[in-house]
Each structure stands twice: as structure tokens, then as C-alpha cells.
Amino acid sequence: MATTTNSVEPDIDVKSSTSLLSIRKIAKTFGKNVVLRDISLDVAEGEFLTILGESGSGKTTLLRIIAGFEIASSGELWMNGERLDHLPPYRRRVNTVFQHYALFPHLSVEQNVAYGLRVEKSEADISSRVERALAQVKMSAHAKAKPSRISGGQQQRVALARALVKRPQLLLLDEPLSALDANLRRQMQIELKSLQRDIGISFVFVTHDQEEAMVMSDRIALLRMGELEQVASPREIYSRPATAYTAQFIGHTNLLRGKVSEGFLQCHSLRWKTSLADGPALLSLRPENVRPRGETGRTLDSVVFKGTISDRAFHGATELLRVECADGLKFSVRTASQIDPAGEVEFQFDPADAVPIRESAERS
Amino acid sequence: MFSRAYRAVVTIPPLLWEMVFLVVPYLLMFCYSFWSVSASQTIVHAWNFDNYRQLLTVNVYWQTLLRSMWIAARVTMFSLLLGYPLAYFLSFHADSRKELCYQLVIIPLWVSYLVRAYAWKTILGSEGLLNTLLQYVHLTHRPLDFLLYSPFAVVLTLTHIYTPFTFLPIYAALEHIPRNLIEASHDLGASPRQTFWRVILPLSIPGVLAGATFAFVLSLGDFLAPALLGGPSGIMISNIVVSLFGAAYNWPLGSAISLCMLVLVVSLLFLSERLEKKWSFS
């Protein structure tokens, strides 16, 4: 086996690691329209992976390929070391929670949950499994109701129970919370996450909401125009964004363009010591890493600048300030302290917080 | 809210329409059905139930009524058997040819019904297309005479004519099924066959009911097909009504039969609407 390089077996790392699902160079085109380009991604056992992207990024198409509703133009899917993409959706040990729930309107809540068990030939203990699944999502009281009689949040729970009762190895969720209002949405995020932790199966969660992705995921796969921009844990993707697109899409950021020469980085009138190689540099500096002077003591190498506040937005715990400097540089600053907006204010940041990033590749 | 003039303009035309074309004719028919015809061929305004009694006791009337219902039932069944697969194919598998296929089903409706019924006459006649062909390939030696002037010819023609009417509501119902329900069904492990029986068919029942009602009601009252192709054994209740109002000059009996048909049809429509409601979920 080791001697053949073009064998149909997946790469060694797929089989030996705890990877459950392995996406190998999946591409999808609709006519001339390229939706996905060579996506390779592994989902580990018990992992909560979020596919994050704007509309049109191909995130839903990728999910639909995993579920089997779309056929990839090229590439392979492997699950547990077996080829998945040759199976029709009803033979895959994968279940989906749909964006608009897709509950069967002619069946009661209970019958909806039982559906996936009834169509299997084994009819054993259906009712007790349905009962347990409904209890798990706190919907036992509505077992006999028709889906049209319950609220969106409740329909969401039923859709979840209907998928989980099948005991899938992998649960796919297609923007399941997007139709809920903000409060319910936050509550469901927490519930969903703790449910996933309890039952320990892998979730692949699709969303366009970066905050949702941060709150829930073990890892985020950021998709941009059909290609993976970055795959990393929320903490890493936030603090170490690889590209300008990532830095801007995940949270707010200040993009600083400068030039490195002889160990110093020059950005407009600001200058600080750096270990970067000579040449142009692009850095991401999070607004919360820029602090008003005096809020914290000045460290030796912090960079100080003066600016006037041109705009401010109150967010409750913090306030987002728009700061303009005399040399044309503009900063977003997130601060918890009260700032007097009149006149020039001094700010500072630690150069270590300005993370070097790549320009995002031009794509069309 | 609205001016009196506006209200008058909006309400008077439909009221007038209903009076002239519905209320007055049906009231007249209702009255006629309780009158009778004298020996001297004049209508006697003497109120009695004789016409209804005749309808129930004279064999030709109730037997023809039953035969009409039996023909209509067969037409309904065959147009469902043809219309459902057609609608299913169009809705789920016609892809880019959907619009074209749809138009192909609809176009015959633009051709006069009379022309289409005549077409069957030339196909089914003893010198017709079908018999000529059968003899040419030596499957038969004499013309098959059950093809034309028989209930068979009536059922065949009516099925051809009313299948688009069953197709349309079934197609609309299938188009209304959210496709993610079918995906959800597959996702939960149901094969395409299971998905059809458990999801698609139940959700298309309102369309099936509407289509069946169209086919049954329209063919039950049909007059042309039996007149042209039915022969003596294939006449239907409308042919009797026509002759009662025409040559036989028995308007009272004709009215009584018409009224019974009306009651039958209206109850059917009512029943079908109730069932459709019961089977619609939204």
C-alpha cells in the first residue's frame, strides 16, 4: 500500500486520526458558475465545526454535498474510512437540521420524530426512543400537536429531535437559528452547544453570523467565494487572522498598511520596532487593543498617537469610537471607559497586538 | 368608507348577473319540475310529485342516471391514473422542459371540444384509423364494432378530454410541496418510494380531490360525447334531458331530472371541498 501513490484509498492521516468526515478536494460548478473550489477539510469525532461565510460563499452547497442533496463535480467524501459521496442521501449516516425546519405538515410532532425510525425496517422501541428524543429537546408536552400549531423555536427543537433520534454520527445544521429572533437565538445557541457536548456527536454547522460561529464552535472554517480562507479555533481565528478578509469578517479590525525597513515598521507617522522582513506589511489591530492613554500605564514599547473622535457608537458594556489622526490614519477603538470627545485624545497600543496578515487573494 | 355610487357600481353587475343567469332560471326550473304536460301538449300548472316519481320508477331514467355515474366514475379513475403520473413527471423530472411540457398538456384545451370528439369518431369508426390498422396488420379480420357507439368510446373520449382538468390541480399541488420536505425525507432514511407514499402523495391529496371532482362532475353532465360516440348503449342522462326539452316536449320531467343532477353535483362539490380542507396543511 505504501508503494502506490495513486491508490483510491484516502491519505494515511485520514485513517489514523480521529477524523470522522474527510472532505477531499471537493469542487462544485453550476454551469459556468464555480461555487466551490478544491475544498479539503476534516471533521473530527465529537467536534463542533462551523462553516462560516457570507451568502454566496458556497457554505450551503458544501453542506448539501455532505448530506447528499447535491453531487460534487469533483473530489471525494470519506466517512469512517468509507467512501460517502457514492451513497444516496437515505443511505448516509448523516442527518440534517434544515434552515426552515422542513417538518412534515401532515404529521404530528411525534410522528415527525418517529418518521426516520418508521422508514427503517426495524420497528423496535420506536415510541420510547421518540419519547426520549422529545424530552431531550423539552417538547414532550407538544407531542400530539401539528407543526403549524407550534412556534418557530419549538419547530426548531422538533427538527433537532427528528434528526437526533436517528443517532447519526454526524449532524448537519443549515443556518438553523437564522429564523429566530435575537433573544431566542442566543438561548438556542447555548442549548445547542451543550446538547452537542452531552451527546458527543460531530456537528457541522453552517452560518453567516460570525458571532454565532465564535460562541458555538470548536473550529471555524471560513469560506469565501468557494474557497477556504482559514480554518482555526475561534480564539485563534480572532487573534491570529490569516488574511485581511478574515480579520474584517470576524469582528471589527483596523487594517494598518506600512513598510518595514531595518527592523522598523513605518505606518504613516507611526513607527515601531518589528521582527518582520523588509518590504510592505499589512497588520490587523483589534479595536479593543487600542486604549486611551492613561487607562493603563504606558509600557515601554507601546505606540502612542493623538486623534480626534469623529464618531461614536454605544454598545452597552463598551463604546466604539472612530478616531481620526492628523496624518490621515483612522482607527476604530473599543473602550469601556468614558472619553471626553472634545479635542485631541491620546491613544496607545502594544505593537505585539498588531498581527501581520496576508492580503486576501483577488477572486471572482 | 366607500361612496354610494362606488358601491352601486361594484355590487349591481354581479347581482344582476346572478339574478338573470342563476336565480331566475333555477327558480323556473324548480317550478316546472312540479308541473305536468297535458294530453294536448300544454304545460299544466298543477303542483304534484309525478315527475320525481317517474324518475324513480321508470327504468330508463334511473338506469341512465346510474350508467352516467358509472361512466363518470371510470373517466375519473382513468384521468387520475393518467393525470397523476403526468403531473408527477412534470413537477419533479421535467427540469428545463417543464414549461414546454406544461404547454403541451394545455394546448388541446384550446381546440374545440367538438373537434376532439369528432376526431375520436374518425379513429374508432368501422372504417376508421384503428380498425383499418388492426386489419392491415392482420390482428383482426372484421372491424371491431365495440370501438364506436359504445360506453367504451364515451369513456375513452371523456378521459382524453378531461385528463388535463385532473392534471392541472394535481400539478399545482405537487408544485406546492416544499422541496426541502422531500430532502428531509431522504435525509431521514426514506427511499424515493417511501417518500412518495409517506410525503408526496398525502400532500397532493387536495389536488387529487379537486381533479377527481372536475373529471367526475364534468363527465357526469356531458352531452356531446355520448351523442356523437355513445350509440344507444352509451347514452347519458344529459341526452335524455335534451330530448325531454326538445322532441319529447316534456319540460317538467326534464326540469325534475336536471334538478336532481344539480343537487347531486352541488353535494359532491361540497363534500370534496370539505375533504380538501381536511387534507390541506399550511
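Residues numbered from 1 in each chain as written. Chains lettered and ligands numbered in written order. Predicted model: local features only at pLDDT ≥ 70, side-chain atom pairs only at ≥ 80, totals over all residues.

1. Here's the deal with the packing of helix H2 (residues 50-57) of chain B against helix H12 (residues 251-278) of chain B
Residues and elements named next belong to chain B.
Inference 1: Where H2 meets H12, the closest approach of the two axes is 9 Å, and the angle between their N-to-C directions is 70°. Taken together, H2 and H12 sit at an angle that is classed as roughly perpendicular. As H2 runs across H12, the sense of the crossing is right-handed. Across the interface between the two elements, Asn51, Tyr52, Gln54 and Leu55 of H2 pack against Pro252, Leu253, Ala256, Ile257 and Cys260 of H12.
Inference 2: Partitioning the contact of H2 with H12 into residue classes produces seven nonpolar, two polar and no charged. (Axes fitted to C-alpha atoms, helices over the stretch in contact; angles between N-to-C directions. Helix = DSSP H or I, 4+ residues; strand = E, 2+ residues; numbered from the N terminus. Parallel < 35°, antiparallel > 145°, perpendicular 65-115°, else oblique. Left-handed = near helix turned anticlockwise from the far one by under 90°. Contact = placed C-beta atoms within 7 Å. Nonpolar A, V, L, I, M, F, W, Y, C, P; charged D, E, K, R; others polar.)

2. Focus on the nonpolar core
Inference 1: Counting residues in each nonpolar core, the largest one holds 90 residues, and the members touching the most others are Ile66, Val113, Ala159, Ala161, Leu172, Val204 and Ala221 of chain A.
Inference 2: Sorting elements by how many residues they give to this core places helix H5 (residues 152-164) of chain A first, with six residues.
Inference 3: Residues from two domains meet in this core; each of domain 1 (12-246) and domain 2 (252-356) of chain A gives at least three.
Inference 4: With residues near it in sequence (within four places) discarded, leucine 172 of chain A still touches Leu63, Ile66, Ala67, Val94, Thr96 and Val204 of chain A.
Inference 5: Counting residues in hydrophobic clusters, the runner-up holds 49 residues, among them Leu124, Leu156, Ala215 and Ile235 of chain B. (Core = buried A, V, L, I, M, F, W, Y, C linked by C-beta atoms within 7 Å. Buried ≥ 20, exposed ≤ 12 C-beta atoms within 10 Å, placed from the backbone. Domains from an automatic or database assignment.)

3. Digging into helix H4 (residues 126-136) of chain A
Residue and element names in this part refer to chain A.
Inference 1: Listed as buried for H4 are Val130, Ala133 and Leu134. One side of H4 carries all its buried residues, which in axial view fall inside an arc of 95°. Exposed and oriented more than 90 degrees from the buried face of H4 are Ser128 and Ala135.
Inference 2: Turning to H4, the residues buried within the fold contact helix H3 (109-118) and H5. (Arc of directions from axis to C-beta.)

4. Quick notes on the pairing of strand S12 (residues 264-267) of chain A
All names here are of chain A.
Inference 1: Residues Leu265 and Cys267 line the buried face of S12, whereas the alternating positions Phe264 and Gln266 sit on a face that is not buried.
Inference 2: Counting the residues in the hairpin turn of strand S11 (residues 254-261) and S12 gives two residues, including glutamate 262, whose phi is positive at 55°.
Inference 3: With four bridges joining them, S12 and strand S13 (residues 270-273) adopt antiparallel strand pairing. Paired with cysteine 267 across the bridge in S13 is leucine 270.
Inference 4: Joining the antiparallel neighbours S12 and S13 is a turn of two residues, in which histidine 268 adopts a positive phi near 50°. (Pairing = 2+ DSSP bridges.)

5. With respect to the interface of chain A and chain B
Inference 1: On the chain B side, the residues contacting the 20 residues of chain A number 17 residues.
Inference 2: Secondary-structure elements contributing two or more residues to the side of chain A that touches chain B are strand S6 (94-97) and H3 of chain A.

6. Quick notes on the sheet that holds strand S17 (residues 319-324) of chain A
All names here are of chain A.
Inference 1: Overall, antiparallel pairing links the five strands, which are arranged S15-S19-S16-S17-S18 in an open sheet. Sheet topology places strand S15 (290-292) and strand S18 (330-335) at the edges, where each strand pairs with a single neighbour. Strand-to-strand twist in this sheet, taken as the mean axis angle between neighbours without regard to direction, amounts to 50°.

7. Digging into the domain arrangement of chain A
Inference 1: As far as domains go, chain A holds domain 1 (12-246) and domain 2 (252-356).
Inference 2: Look at where the C-alpha atoms of domain 1 of chain A and domain 2 of chain A centre, and you get two points 39 Å apart.

8. Some thoughts on unusual backbone geometry
Residue and element names in this part refer to chain A.
Inference 1: Notably, aspartate 38 is not glycine yet its phi reads approximately 40°, a positive angle.
Inference 2: Within the fold, aspartate 38 resides in strand S2 (residues 33-44).
Inference 3: Given 13 C-beta atoms within a 10 Å radius, aspartate 38 is considered partly exposed.
Inference 4: With a phi angle near 50°, asparagine 80 is a residue other than glycine that sits in the positive phi range.
Inference 5: Residue asparagine 80 is classed as partly exposed on the basis of its 14 C-beta neighbours within 10 Å.

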